[in-house]
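Summary of the model geometry
Residue-level listing of the chains:
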Amino acid sequence: MASSKSSPKSTAKPSAKAAASKSTGKAASGRAAKSKSSADFTPEEEMQAYRDMLLIRRFEEKAGQMYGMGLIGGFCHLYIGQEAVVVGMQGAIGEGDQVITGYRDHGHMLACGMDPKGVMSELTGREGGYSRGKGGSMHMFSTDKHFYGGHGIVGAQVPLGTGLAFSNKYRGNDRVCLAYFGDGAANQGQVYESFNMAELWQLPVIYVIENNQYAMGTSIARASAMTNLSKRGDSFNIPGAQVDGMDVRAVRAAGEEAVEFCRSGKGPYILEMKTYRYRGHSMSDPAKYRAKEEVNKMRQEHDPIEQVRVRLLEGKIASEDDLKSIDKEIRAIVADAAEFAQSSPEPDPSELWTDVLASVEG
Ligand SMILES: Cc1ncc(C[n+]2csc(CCOP(=O)(O)OP(=O)(O)O)c2C)c(N)n1
Ligand SMILES: [Mg+2]
């Protein structure tokens with residue numbers, strides 16, 4: 001359902017206590033009242049964005065730590081640095097809209113409102129995980145939260161997301177699908193087959209390209225003949241925009257425009273989010289292909305969470321103490337998730353035979 005944009009901009013500044021009481025341990029998915037100009041956030045929206053991005057950051061830091069301790073096996077791709085993209089986009093969509101992405105997916109799940117305990121225990125391969133411990137980092141789903149994975153094959157989620165948009169159109173609901181993929185995936189053939197069909201059939205899909213500048217160890221400049229990814233839909237007549245993906249307000253504003261376009265039946269839209277990942281491609285990547293100074297510069301000058309923190313403090317929306325207590329509260333949520341993920345039992349061997357085939361009703 002389209003988010004309401006008619007609510008007047010609130011001037012009330014929430015107390016840290018009021019803001020703290022909103023915490024559920026899940027990043028908020030639906031949105032309440034929105035500011036008039038979507039590039040501006042109300043104080044409540046700033047607080048919520050801060051909280052939602054911080055939950056993802058702290059969760060990922062903990063996952064990295066647990067991986068280092070041998071508690072998480074297999075692949076694990078952290079989202080640290082890119083938090084503003086999912087939090088901003090989640091603020092632009094409404095209840096029932098779908099999300100699908102690749103393997104760098106923990107942030108997307110938390111932004112969709114999935115339980116940190118269920119995500120963390122999937123990482124540790126335990127029964128309490130979203131795929132009952134059988135999927136791991138790259139294979140988690142929650143149809144309740146309209147999250148469709150979690151896909152390890154680069155670009156595979158793009159035709160699947162296009163299919164979700166097709167189902168929306170076929171069923172005549174007004175839902176929009178966000179199909180996220182990376183700058184590396186943007187060079188995949190299946191992406192362009194999807195673009196063609198989406199435009200031909202005017203499907204309600206937003207292709208959110210998370211351009212974090214690297215595909216494993218290869219920079220976009222080395223791998224792409226045309227680096228303005230927002231124009232990759234030109235030959236299909238799909239409109240696109242480049243967005244500062246480190247600024248949650250810019251992301252939500254661009255997201256709202258794209259959502260309005262798609263929901264009104266005008267077909268697909270491309271958003272290129274210019275973002276950056278602070279960690280290596282996966283936990284086994286020492287990231288020797290880029291200078292430490294490059295990473296430090298992004299962290300110091302463009303960090304998405306720090307930007308909101310400064311606005312909260314300078315606008316006197318929150319004090320240092322308020323922010324410290326939010327951090328403490330979020331660390332506790334993540335610690336609980338980590339504890340649950342280590343105490344949940346491993347799946348029973350009989351589970352090897354379940355969830356292999358799906359039964360289709362009717
Ligand atoms: C079809 C396919 N080819 C290659 C790989 C190996 N691979 C995994 S991630 C990756 C890089 C993708 O980079 P990008 O799309 O920019 O996403 P990011 O990791 O930066 O989020 C590659 C080549 C794969 N998983 N699937
Ligand atoms: Mg990339």
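Our subject is the structure that appears above.
Since the model is a prediction, treat every value here as computed from it, not as a measurement.

Regarding the environment of Thr227
Mapped onto the secondary structure, Thr227 falls in the loop between helix H8 (220–223) and strand E6 (240–244). The sequence separation of Thr227 and Asn211 amounts to 16 residues, and the corresponding C-alpha distance is 9.6 Å. In contact with Thr227, other than residues within four places in its own chain, are Ile220 and Ala221.

Thoughts on the pairing of strand E7 (residues 269–274)
Within a regular strand, the side chains alternate between the two sheet faces. With respect to burial, E7 is a largely interior element, six of its six residues being buried. Along E7, one buried face is formed by Tyr269, Leu271 and Met273 and the opposite face, lined by Ile270, Glu272 and Lys274, is buried too. Note that strand E3 (residues 205–211) and E7 share six bridges and pair parallel. Looking at the pairing, Ile209 lines up with Glu272 of E7. You can see the chain leave E6, run along helix H9 (residues 248–263) and come back into E7, and the turn it takes is right-handed.

Examining helix H11 (residues 304–314)
Here H11 has its buried residues at Pro304, Ile305, Gln307, Val308 and Leu312. Projected onto a plane normal to the axis of H11, the buried residues spread over an arc of 160° and lie on a single side. Away from its buried face, by an angle of more than 90 degrees, H11 presents the exposed residues Val310 and Glu314. If you follow the buried residues of H11, they end up packed against helix H2 (43–68), helix H3 (83–92), H9 and helix H12 (320–343). Just downstream of H11 lies Lys316, where phi reads positive at about 55°.

Let's talk about the packing of H2 against H3
Orientation of H2 relative to H3, taken along the N-to-C sense of each, is 135°, at an axis distance of 9 Å. In terms of orientation, H2 and H3 fall into the oblique class. Crossing of H2 over H3 shows right-handed handedness. For the pair formed by H2 and H3, the contact residues are Ala49, Asp52, Met53, Ile56 and Arg57 on the first element and Glu83, Ala84 and Val87 on the second.

Some thoughts on the packing of helix H5 (residues 116–123) against H12
Remark: H5 packs on H12, axes separated minimally by 8 Å, with the N-to-C direction vectors making an angle of 45°. It follows that H5 is oblique to H12 by the angle criterion. Seen from above, H5 lies across H12 with right-handed handedness. Side by side, H5 and H12 meet where Pro116, Lys117, Met120, Ser121 and Leu123 of the first sit next to Ile333, Val334, Asp336, Ala337, Ala338, Phe340 and Ala341 of the second.

Rules of the game
- Residues numbered from 1 in each chain as written.
- Chains lettered and ligands numbered in written order.
- Predicted model: local features only at pLDDT ≥ 70, side-chain atom pairs only at ≥ 80, totals over all residues.
- Helix = DSSP H or I, 4+ residues; strand = E, 2+ residues; numbered from the N terminus.
- Contact = placed C-beta atoms within 7 Å.
- Buried ≥ 20, exposed ≤ 12 C-beta atoms within 10 Å, placed from the backbone.
- Pairing = 2+ DSSP bridges.
- Right-handed = clockwise from strand over helix to strand, strands pointing away.
- Arc of directions from axis to C-beta.
- Axes fitted to C-alpha atoms, helices over the stretch in contact; angles between N-to-C directions.
- Parallel < 35°, antiparallel > 145°, perpendicular 65-115°, else oblique.
- Left-handed = near helix turned anticlockwise from the far one by under 90°.

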